[in-house]
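# Commentary on secondary and tertiary structure
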Amino acid sequence: MENTYESFISSYIGDKVGITDDFLGLALSGSLKKNLLKLHSCNQLLEAGTGNQQVDHDKLFRSDVIHWLDPENEDEVEQYFFQVMDHFVEHLNRTCYTGINAYEFHYTLYPEGSFYKRHLDQFRSDDSRKYSMIMYLNEDWKKEDGGELCIYHSDGEQKISPDNGKTVFFKSSELEHEVLVTHKPRMSITGWLKTL
Ligand code: OGA
Ligand code: NI
């Protein structure tokens, strides 16, 4: 795992966006996806707000639906997910002095036709979100399915296809990004490593 972390972190340092295909492992991705589909079938995925404290359900800005993971939840899959994240945060703090002491993650579903317009992940009134992480849960994603994560760098755009098992990592205060319209349901775990 340390090798995966090292190449993940060095791609972040080199390109401002860390990408790895090897972070959660296929078994854990598959189980998280099953959980997500179950939550969806029980109507437990809800619209998210776009501003701090303010839930404005602005569907013109983002049209995904979410459900927060809760570390207190006894679900074995989520427990294992949090163990993986604890391990990664410990590695990051030890090797990069990042000072992460909190995190938050949600299941995310972008129904067909949905998107998230260009934004930054840090709120103006709260800078606790330090790093954004997205872990995709979509098997056999094709170019015509759309739904790329488009990251705006000073020298151009980077489009990332939301392929199963891929994890993306970038600084929340720095890179504006957007989720392009998806033509198929698009699933992920999305979260933030924080300093409180
Ligand atoms: C977000 C976000 C990107 C993605 O939830 O803030 O930008 O690829 N997600 O899902
Ligand atoms: Ni974002």
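First, a word on what this report is: a plain description of the structure on this page. The structure displayed is predicted, hence computed values, not measured ones.

Rules used in this analysis
- Residues numbered from 1 in each chain as written.
- Chains lettered and ligands numbered in written order.
- Predicted model: local features only at pLDDT ≥ 70, side-chain atom pairs only at ≥ 80, totals over all residues.
- Heavy atoms only, no water.
- Salt bridge = Lys/Arg side-chain N within 4 Å of Asp/Glu carboxyl O.
- Buried < 20%, exposed > 50% of the residue type's maximum accessible area, 1.4 Å probe, protein only.
- Helix = DSSP H or I, 4+ residues; strand = E, 2+ residues; numbered from the N terminus.
- Donors = N, O, S within 2.8 Å, 3.2 Å for Na, K, Ca; no water.
- Axes fitted to C-alpha atoms, helices over the stretch in contact; angles between N-to-C directions.
- Parallel < 35°, antiparallel > 145°, perpendicular 65-115°, else oblique.
- Left-handed = near helix turned anticlockwise from the far one by under 90°.
- Contact = heavy atoms within 4.5 Å.
- Nonpolar A, V, L, I, M, F, W, Y, C, P; charged D, E, K, R; others polar.

According to the stated counting rule, one finds nine salt bridges in the structure shown. The residue R62 makes a salt bridge to D64 at a minimum N-O spacing of 2.7 Å. On the basis of relative accessibility, which here comes to 10%, the residue R62 falls in the buried class. Judged by its relative accessible area of 2%, D64 is buried. Between E104 and R129 there is a salt bridge, with its nearest N and O atoms 3.0 Å apart. Of this pair, E104 sits in strand β4 (residues 102–110) while R129 sits in strand β6 (residues 129–136), and the two are 25 residues apart along the sequence. The buried category is assigned to R129, whose relative accessible area is 10%. Among the charged side chains, a network of salt bridges with common partners joins E2, E90 and R94.

On to the coordination of the nickel ion (ligand 2). H119 (NE2), D121 (OD) and H177 (NE2) make up the full set of protein donors to the nickel ion (ligand 2), lying at 2.0 to 2.1 Å. Of the residues examined, H177 reaches a relative accessible area of 3% and is grouped as buried.

The geometry of helix α1 (residues 2–15) relative to helix α3 (residues 76–96) is characterised by a closest axis approach of 11 Å and an angle of 60 degrees between their N-to-C directions. Accordingly, the angle class assigned to the pair α1 and α3 is oblique. Handedness of the α1/α3 crossing: right-handed. Contacts from E2, Y5, E6, F8 and I9 in α1 reach V84, H87, F88, H91, L92, R94, T95 and C96 in α3. Class assignment for the residues of the contact of α1 with α3 results in seven nonpolar, three polar and three charged.

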